[in-house]
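Here's the letter readout for the chains.
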Amino acid sequence: MDTIILGIESSCDDTSAAIIKNGILLSNVTANQDVHEKFGGVVPELASRAHQVNIIPVVDLAIKNAGITSDEISAIAFTRGPGLMGSLLVGTSFAKGFALAKNIPLIEVNHLQGHLAALFLKEENEQHTDPKFPFLTLLVSGGNSQIIIVKDFFEQEIIGETIDDAAGEAFDKCAKVMGLGYPGGPVVDKLAKEGNPEKYKFSKPKIDGLNYSFSGLKTSFLYFVRDNSIDNPDFVKDNIKDLCASLQKTIIDILLNKLILASKQTGIIEIAIAGGVSANSGLRSSLTLEAEKRKWILHIPKFKYTTDNAAMIAITGYHKYFKKMFADQSITAESSLKL
Ligand code: KG4
């Protein structure tokens, strides 16, 4: 019998639904929310309202695109957390209602485990090599910067993490200083392609062990821009590409230095990246070069599965399904769920 999982993701500002059949991704539909752009960040109340509007059409389209009917679905998996409470509640309530109505199992998924599982997503007729456990993952997003030993789908050990801001926040906050839109990471990435990464030097943290820190970089970037703008009010405009390239290089250097150390300390050479910041083209190319130099076996998720998506929730749910890791109707959303 076929195993078909419907995945639901609504942790922040993207409403997404996906269908996995027998381990193969058949559809993944995401509705983005443009409503936050003019506020320079996600407005939680607006996000949850938009999820309410989007969730049914998004699920409907995911089912149609997969070429299945809702009666064929074996189980529904949803993001329980971490994320914005109002947003999580929409996906959680929908999943509970759907499971009840169809009398199928309900599966809760930790959003962060979902990001790690994105490395295992396969589409039809696609050549794909799954990472082998245990592997090291650099999980970098708007809320996380962690180095994780992934021992199994459901067993991870965090061996390094940020003590303040996440890498995505460093991109977004510095982008804001330059007057770029939100989220700033993709804009910085685009402008950096035409800039000189060696033009400006920004401070790098001196933190022992495998932990990260990005708040010092944000502050030094802010002061640098402010001081240079006194003599030339157009400093940012005149140097935007070089500023982006130099900032991006600094963030990548910080991330990779600790990842190299983690690989040396653990002896693990199977390396992966995950999370929104793993979409960064500079990080991807620097990591590829580093992997060649160090004979790492590298796993980089497809660009479209780096940011929030339901495909990663559905594949995690698929693996939980076989272990009968089901939730009951008393489950609630958990905004600060840990890995
Ligand atoms: O994983 P994600 O979609 O959401 C969570 O934080 O859970 O990550 C969003 C973060 C934002 O900070 C965004 O600026 C960053 O990922 N991001 C990027 C790029 N694309 C997204 N940062 C740098 N370069 C990119 N191309």
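Refer to the structure above for everything that follows.
Residues numbered from 1 in each chain as written. Predicted model: local features only at pLDDT ≥ 70, side-chain atom pairs only at ≥ 80, totals over all residues. Heavy atoms only, no water.

J.: Summarise the environment of isoleucine 163; cite the residues concerned and give the values.
T.: If you trace the backbone, isoleucine 163 turns up in the loop between strand S8 (155-161) and helix H4 (167-177). Judged by its relative accessible area of 55%, isoleucine 163 falls in the exposed class. Remark: the alpha-carbon pair of isoleucine 163 and threonine 129, spanning 34 residues in sequence, is separated by 33 Å. Not counting chain neighbours up to four residues away, the residues in contact with isoleucine 163 comprise Ile207, Asn211, Tyr212 and Ser213. (Helix = DSSP H or I, 4+ residues; strand = E, 2+ residues; numbered from the N terminus. Buried < 20%, exposed > 50% of the residue type's maximum accessible area, 1.4 Å probe, protein only. Contact = heavy atoms within 4.5 Å.)

J.: Can you tell me about the pattern of salt bridges, naming the residues and giving the values?
T.: Enumeration over the complete set of coordinates arrives at 21 salt bridges. Notably, a salt bridge pairs aspartate 253 with lysine 204, separated by 3.2 Å at the nearest N-O pair. Here aspartate 253 is found in helix H7 (residues 235-266), whereas its partner lysine 204 is found in the loop between helix H5 (184-192) and helix H6 (215-231), with 49 residues between them in sequence. Linking glutamate 290 and lysine 293 is a salt bridge whose minimum nitrogen-to-oxygen distance equals 3.4 Å. Of this pair, glutamate 290 and lysine 293 both sit in helix H8 (residues 281-294), 3 residues apart, roughly one helical turn. By relative accessible area, which is 13% here, glutamate 290 ends up buried. (Salt bridge = Lys/Arg side-chain N within 4 Å of Asp/Glu carboxyl O.)

J.: I'd like a rundown of the packing of aromatic side chains, residues and numbers included.
T.: One pass over the structure, following the stated rule, counts 17 aromatic pairs. For the pair phenylalanine 202 and phenylalanine 224, a centre-to-centre distance of 5.3 Å together with 85° between the ring planes defines the contact as edge-to-face. Here the residue phenylalanine 202 occupies a position in the loop between H5 and H6, and phenylalanine 224 occupies one in helix H6, the gap between them amounting to 22 residues. The buried category is assigned to phenylalanine 202, whose relative accessible area is 9%. (Phe/Tyr/Trp six-rings, centres within 6.5 Å; stacked < 30°, edge-to-face > 60°.)

J.: I'd love a proper account of the sheet that holds strand S10 (residues 297-299), names of residues and values included.
T.: The strand order across the open sheet formed by 5 strands is S8-S7-S6-S9-S10, and the pairing between neighbours is mixed. The strands lining the two open edges of the sheet, one partner per strand, are S8 and S10. Geometrically, the sheet is characterised by an average inter-axis angle of 25° between neighbouring strands, direction not taken into account. Here strand S6 (residues 135-140) runs beside strand S7 (residues 145-152); their pairing, made up of 6 bridges, is antiparallel. Bridging from a neighbouring strand, leucine 136 pairs with isoleucine 149 of S7. (Pairing = 2+ DSSP bridges. Axes fitted to C-alpha atoms, helices over the stretch in contact; angles between N-to-C directions.)

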